Amino acid sequence: MSASQIPPATAVPGDDVPTLLVKIFGKDRPGITAGLFDTLAAYSVDVVDIEQVVTRGRITLCALVTSPSPSQGTTGSTEGDLRATVHSWAESLNLQAEIISGRGDNRPRGTGRSHVTVLGHPLTAETAAAIAAAITASGGNIDRIFRLAKYPVTAVEFAVSGAATEALRTVLAPEAAQLGVDIAVVAAGLQRRAQRLVVMDVDSTLIQDEVIELFAAHAGCEAEVAEVTAAAMRGELDFEQSLHARVELLGGLDASVVEAVRKEVRLTPGARTLVRTLKRLGYQVGVVSGGFTQVTDALKEELGLDFASANTLEIVDGKLTGRVTGDIVDRAGKARLLREFAQQAGVPLAQTVAIGDGANDLDMLNTAGLGVAFNAKPVVREAAHTAVNVPFLDTVLYLLGITREEVEAADTHVG
């Protein structure tokens, strides 16, 4: 049926059409929603809007319906009859009812719609108040609030209209830092649920370790390498120069050290859940690393990743030479690889997500549609679209609008 063929009776009511907002409150139990609409059905009203939420066993059910006309209904023919019947039905179930007269549908939402996701550990009332006030001050209106998860962090999402996404980001970023919570602001739209590509850094992101430091421990130069690594991640040293300097210290190590290091690698808490959930929801997942293919290839196989790229340690006659082969995966290289992965995956850059912690991740984070700084250095937190500062990598799922219930549901479909 085309839009022009829709019968007038089912059309959205104009601003001058009388409507009733029917609100039901009380202890939740099966059958309340069906019971309310069975009661309203006697008046042949049209349903304009419905909203229902259950919090700790208490239901709030709202139905916006057209007012009955004298020619409608079999039980009664007036708004007063409908009101009396609804109140009587509610009282029979120990529920409360409120009915508000008005005209037309909800007022139109303002232009510019965004999802504001807040991660708190815990999420305090003070924090919620400050965020709501900041949204209001930016010209935004909170249309809906929804809890995404209660563990390992409390994650809630605000649906906001009336303010531009970038403007909201600018306003809420300092609030997040001051309140000690993580706030992500993304534009609303179909692309949020479209197929996506997620690309992660490896060291101190997908895994808890810096791989080159694991190798250095076997070479007896861990402290020296760690100092250079930290300076490079802070953006104080050129990455390629620092890489060559650190790898040179590994020269002469027996190649058997590769397998030993692989066994020492520790995944970040939530890493398996993140990758597993994304894959089961149809996302493609990759990693780019300033570390080494000797480790990332193993991670790709273990986790079922779609893409992986890193530097390669040169091994000759069973020994590490202290050199790397091929193109260097540095700051610019990570952004280039993100573009290549997106092209291979058939995913627009606007629908890519990049996750990283160091200065050499900045170009990649800024190239992606959503750049997430994960427990990152200050320079990275300030430049990324959003930051996550809790030690659970799977909390990134909440920034994508994926609920804890959906994560657990994905886990039931094993095989």
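Look above for the structure.
Residues numbered from 1 in each chain as written. Predicted model: local features only at pLDDT ≥ 70, side-chain atom pairs only at ≥ 80, totals over all residues. Heavy atoms only, no water.

## Concerning the overall build of the chain
Note the cut-off: Only runs of H or I of at least four residues qualify as helices and only runs of E of at least two qualify as strands under DSSP, and these elements are numbered from the N terminus. Throughout, the radius of gyration refers to the C-alpha atoms, and the reference size of a globule is 2.2 Å times the residue count to the power 0.38. Categorising residues by exposure relies on relative accessible area from a 1.4 Å probe, with only protein chains included: less than 20% of the type maximum marks a residue as buried, more than 50% marks it as exposed, and the intermediate range marks it as partly exposed. Contacts were defined at the residue level, with two residues in contact if any of their heavy atoms lie within 4.5 Å. Using a 1.4 Å probe, accessible areas were evaluated by the Shrake-Rupley method; residue-level cover was limited to the displayed protein chains.
Tallying secondary structure elements over the chain gives 15 helices and 15 strands in all. Rg of the C-alpha trace for the chain: 28 Å, well past the compact-globule value of 22 Å for 415 residues, more than 25% over. For the chain, the spread of C-alpha atoms along the principal axes amounts to about 95 × 45 × 45 Å. Counting only residues that meet the buried cut, the chain has 46% of its 415 residues in that class. Restricting to contacts in the chain with at least 6 residues of sequence separation, those with at least 24 account for 67%. Counting only carbon and sulfur atoms, one obtains 51% of the accessible surface of the chain, whose full area is about 19500 Å².

## Comments concerning the packing of helix α6 (residues 222-233) against helix α7 (residues 239-248)
Basically, it comes down to this: Only the contacting stretch of a helix is used when fitting its axis, a line to C-alpha atoms as for every element, and angles between N-to-C directions run 0 to 180 degrees. For classification purposes, an angle smaller than 35 degrees is called roughly parallel, one larger than 145 roughly antiparallel, one from 65 to 115 roughly perpendicular, and anything else oblique. In this count, Pro and Cys sit with the nonpolar residues alongside Ala, Val, Leu, Ile, Met, Phe, Trp and Tyr, while Asp, Glu, Lys and Arg are called charged and the others, Gly among them, polar.
Remark: α6 packs on α7, axes separated minimally by 10 Å, with the N-to-C direction vectors making an angle of 170°. Considering the angle they form, α6 stands roughly antiparallel to α7. Between α6 and α7, the contacting residues are Val225, Val228, Thr229, Ala232 and Met233 on the first element and Phe239, Ser242 and Arg246 on the second. Its residues assigned to classes, the contact of α6 with α7 comprises five nonpolar, two polar and one charged.

## Examining the packing of aromatic side chains
Threshold: Here the aromatic set is Phe, Tyr and Trp, taking the six-membered ring for Trp, and pairing holds for ring centres within 6.5 Å; pairs whose planes are under 30 degrees apart are stacked, those over 60 apart are edge-to-face, and all others are tilted.
Per the counting criterion, the structure on display carries two aromatic pairs. Here Phe215 and Phe292 contribute two aromatic rings whose centre-to-centre distance is 5.9 Å and whose plane-to-plane angle is 85°, an arrangement assigned as edge-to-face. Of the two residues, Phe215 is situated in helix α5 (residues 211-219) and Phe292 in strand β10 (residues 284-292); the sequence distance between them amounts to 77 residues. Taken together, a centroid distance of 4.8 Å and an interplanar angle of 15° make the contact between Phe307 and Phe341 stacked. Taken together, the residues span a long stretch of sequence, with Phe307 in strand β11 (residues 307-316) and Phe341 in helix α11 (residues 331-345) at a distance of 34 residues. For the pair shown, Phe307 and Phe341 are each scored as buried.

## So, the side chain of Ser289
Cut-off, in case you're wondering: Polar contact criterion, stated in full: a pair of N or O atoms within 3.5 Å, where within protein one must be able to donate a hydrogen and the other to accept it, and residues adjacent in sequence count only if both atoms are side-chain atoms.
Mapped onto the fold, Ser289 is located in strand β10. With relative accessibility at 1%, the residue Ser289 sits in the buried group. Of note is the side chain of Ser289, whose polar atom sits 2.7 Å from the backbone nitrogen of Gly291. Aside from chain neighbours lying at most four places away, what touches Ser289 is Asp201, Val202, Asp203, Thr296, Ser309, Ala310, Asn311, Val329 and Lys334.

## Some thoughts on unusual backbone geometry
The step from His121 to Pro122 runs through a cis peptide bond, and the omega angle for that step is 5°. Residue Pro152 follows Tyr151 across a cis peptide bond; omega there is 0°. Although it is not a glycine, Asp317 adopts a positive phi angle of roughly 55°. Mapping Asp317 onto the fold places it in the loop between β11 and β12 (319-325). Of note in this structure, Asn375 is not a glycine but carries a positive phi near 45°. Here Asn375 lies in the loop between β14 (370-374) and α13 (378-383).

## Observations regarding the environment of Gly162
Position of Gly162 among the secondary structure elements: in the loop between β7 (154-161) and α4 (165-179). Judged by relative accessible area, Gly162 falls into the partly exposed class, the value being 34%. Separated by 132 residues in sequence, Gly162 and Gln294 have C-alpha atoms that sit 50 Å apart.

## Quick word on the nonpolar core
Threshold: By nonpolar core is meant a set of buried Ala, Val, Leu, Ile, Met, Phe, Trp, Tyr and Cys residues that side-chain atoms within 4.5 Å join together.
With 62 residues, the main nonpolar core has Met200, Leu206, Phe215, Phe292, Ile355 and Leu393 as its most contacted residues. Element by element, the count of residues in this core is highest for α5, at five residues. Every residue in contact with Leu206, bar those within four places of it in the chain, is listed here: Met200, Asp201, Leu267, Thr268, Ala271, Val275, Val287, Leu299, Leu303 and Leu393.

## Observations regarding the sheet that holds strand β13 (residues 352-356)
The strands that make up a sheet are held in pairs by hydrogen bonds between backbone atoms, and each pair lies either parallel or antiparallel. The cut-off we apply is this: Here, any two strands with at least 2 DSSP bridges between them count as paired.
Pairing within the open sheet is mixed, and its seven strands lie in the order β12-β11-β10-β9-β13-β14-β15. The open sheet has two free edges, formed respectively by β12 and β15 (386-388), since each of these has just one partner strand. Ignoring strand direction, the axes of neighbouring strands in this sheet form an average angle of 25°. Strand direction decides the pairing type here: β11 and β12, joined by four bridges, are antiparallel.

## Quick notes on the sheet that holds strand β2 (residues 47-55)
Strand order in the open sheet formed by four strands is β2-β3-β1-β4, with antiparallel pairing between adjacent strands. The sheet is open, and its two borders are formed by β2 and β4 (96-103), each paired with just one other strand. On average, each strand axis in the sheet is inclined to that of its neighbour by 10°, with strand direction left out of account. On the sheet, helix α1 (residues 32-41) packs against β1 (18-27), β2 and β3 (58-66) and is oriented at approximately 25° with respect to β3.

## Some points on the packing of α1 against helix α2 (residues 79-92)
Rules: Each helix crossing is assigned a hand: it is left-handed if the near helix lies turned anticlockwise from the far helix by less than a right angle, otherwise right-handed if that turn is clockwise.
At their nearest, the axes of α1 and α2 sit 10 Å apart, and the two run at 155° to each other. One finds that α1 runs roughly antiparallel with respect to α2. Crossing geometry of α1 relative to α2 is assigned as right-handed. Every residue of α2 that contacts α1 at Ile32, Gly35, Leu36, Thr39 and Leu40 is listed here: Leu82, Thr85, Val86 and Trp89. Here the residues of the contact of α1 with α2 are counted per class, giving six nonpolar, three polar and no charged.

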